[in-house]
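Now for the letters of each chain:
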Amino acid sequence: MEPRTAVVPVEDIFDLRWRVLRPGLPRESAIFLEDGHPLAFHMAAYGDGGDGGDGGEEVVACVTFFPEQLPGDSAIAYRIRGMATAPEVRGRGYGAALLHAALEQARQRGAELVWCNGRTSARGFWEGQGFTVVGEEFVLEPAGPHFLFVAKLV
């Protein structure tokens, strides 16, 4: 069964974003300037917390998309930030289901291309979802080594 996904307010995904992407840092470190962009959207994937029941549904994956051109490219583009999956559900399809739902949202909003600065440790995930690496590895503080990942939607 495909996980339930939904467009949600940033407040619904903030705690997971902070816990996964900024552990040990102040909560404010997980606030992105782009969160308030008028065309940004935030999405969540929901799980049952591992108990198999229908109660206790919680956010287990999250992502934020907003319009931003890929430098050097004229395509209508959305940038991805804050993609996170709770460690206890990794490898169970929540992140992939969420990304596919978010890519469809971006496509419906006119995106021809999506891109992100993704962690080097997540390279297999991004490439497995049809993204390609552009350029060399670089470091983004405080998160560490990253690659630029790009996927065309048209």
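Colleague: Which residues make up the sheet that holds strand β5 (residues 113-119), and what are the values?
Modeller: Adjacent strands of a sheet form backbone hydrogen bonds with each other and so pair up, either parallel or antiparallel. The sheet built from 7 strands is open, its strands ordered β1-β2-β3-β4-β5-β7-β6 with mixed pairing. Only two strands of the sheet have a single neighbouring strand rather than two, namely β1 (4-8) and β6 (132-140). Neighbour-to-neighbour, the strand axes of this sheet turn through a mean angle of 25°, independent of strand direction. In this sheet, strand β7 (residues 144-152) lies alongside β6 in antiparallel orientation, the contact comprising 6 bridges.

Colleague: Explain the nonpolar core to me, using residue names and the numbers behind them.
Modeller: Ranked by internal contacts, the top residues of the largest apolar core, which has 38 residues, are Phe65, Ile80, Val114 and Phe131. If you list the elements that add at least two residues to this core, you get α1 (10-21), β2 (41-47), β3 (58-67), β4 (77-85), α2 (94-108), β5 and β7. Excluding residues within four positions of it along the chain, Ile80 makes contact with Val63, Thr64, Phe65, Leu99, Val114, Trp115, Cys116, Trp126 and Phe131.

Conventions and cut-offs
Residues numbered from 1 in each chain as written. Predicted model: local features only at pLDDT ≥ 70, side-chain atom pairs only at ≥ 80, totals over all residues. Heavy atoms only, no water. Pairing = 2+ DSSP bridges. Helix = DSSP H or I, 4+ residues; strand = E, 2+ residues; numbered from the N terminus. Axes fitted to C-alpha atoms, helices over the stretch in contact; angles between N-to-C directions. Core = buried A, V, L, I, M, F, W, Y, C linked by side-chain atoms within 4.5 Å. Buried < 20%, exposed > 50% of the residue type's maximum accessible area, 1.4 Å probe, protein only. Contact = heavy atoms within 4.5 Å.

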